[in-house]
Amino acid sequence: MRKHSFLFTLIVAAAGVTLSADKVTLRSGQVVSGNFMSADVKIVRVLLANGRIAEFPVDTVSALEFTPRKTPPAVAPDPAVAPKPITIPNGTVLNVLLSEAIDVDAAQAGHTFKSLLDDPVMMNGKVIIPRGSAVVLQAAKVEQAGKMKGADKITLKANSLSFGGRKYEIVTTAVEQKGSGEGKKTTRKLIGGAGLGAIVGGIAGGGTGAAIGAAAGAAGGAIMASTGTEHLKLPAETRLQFTLNAAVTVQP
């Protein structure tokens, strides 16, 4: 019984690593050549060269000699058979990360900027447009704040994406980025001369103070703070979300 159990374990282990039995040695001394097919606690099955399946009771088998199966070479894909084009539908979301900073003060309508697709576009569980694909953004509209009030504003759209050695023109919704407006940046104006100095001195001490203040004002002037504007800058790796306004057909 122990021999049978050992032999069965050997057979099952050999089958588990997908080996081929070149020789089956029976207790009678007979050697049978063929390919191991299967085995259970009672029978060992071997495919003979003539195509017939031979069955041997386990207790009649004394040894099995295995050789690794030859793995057939991988079939190279036929370059003439390319995957079918796939149409990405209208309404598909494209999440991108800026790969360069955008300084709105220096931007103009029509300027382009680089970004990368942050999330892959998938259909039916398959990746169609991989993460990291290049997406070119374009400034559709730029509004730069005035010197003393207002806020910078830029409107961006995605106009192309590239992957797999191909570039595709796309049409998307526009994304607007706007500065927070007044009160965030302080500009300073130097008002020099005796005029302001005299005013400050007069408030401090009358006529004599005014004379002293005038001298001080003439020497250095005074600094007056006034509220200005915050200038908008979008740093690299800013995440933006666009939506396709028209379907685009790509080659995966």
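Calculation rules
- Residues numbered from 1 in each chain as written.
- Predicted model: local features only at pLDDT ≥ 70, side-chain atom pairs only at ≥ 80, totals over all residues.
- Heavy atoms only, no water.
- Helix = DSSP H or I, 4+ residues; strand = E, 2+ residues; numbered from the N terminus.
- Core = buried A, V, L, I, M, F, W, Y, C linked by side-chain atoms within 4.5 Å.
- Buried < 20%, exposed > 50% of the residue type's maximum accessible area, 1.4 Å probe, protein only.
- Contact = heavy atoms within 4.5 Å.
- Salt bridge = Lys/Arg side-chain N within 4 Å of Asp/Glu carboxyl O.

Undergrad: Go over unusual backbone geometry, please, and point to the residues and values.
TA: Phi is mostly negative for residues that are not glycine, and the peptide bonds are mostly trans. For N124, which is not glycine, the phi dihedral falls at a positive 55°. Take N124: it is sitting in the loop between strand 11 (121–123) and strand 12 (126–129). Notably, E237 is not glycine yet its phi reads approximately 75°, a positive angle. For E237, the location among the structural elements is in the loop between strand 19 (233–234) and strand 20 (239–243).

Undergrad: I'd like to hear about the nonpolar core, residue by residue, with values.
TA: Judged by nonpolar contacts, the single largest core of 30 residues is most densely connected at I88, I129, I154, L156, L161, L240 and F242. Put simply, the parts of the chain that give this core at least two residues each are strand 8 (93–98), strand 10 (112–117), strand 12, strand 13 (134–143), strand 14 (153–163), strand 20 and strand 21 (248–250). It is strand 14 that provides the largest number of residues to this core, a total of five residues. Non-local contacts of L240, meaning those with residues more than four positions away in its chain, are made with L94, N95, V96, L98, L137, L156, V175 and Q177.

Undergrad: If you had to explain the pattern of salt bridges to someone new, which residues and values would you point to?
TA: Considering all chains together, one arrives at seven salt bridges under this definition. Taking the shortest distance from any N to any O, the salt bridge between R45 and D40 comes out at 3.4 Å. When the shortest N-O distance is used, the salt bridge between D119 and R239 registers 2.8 Å. Placement of D119 in the loop between strand 10 and strand 11 and of R239 in strand 20 is noted, with a sequence separation of 120 residues between them. Through salt bridges with shared partners, a single ionic network connects D118, D119, R131 and R239.

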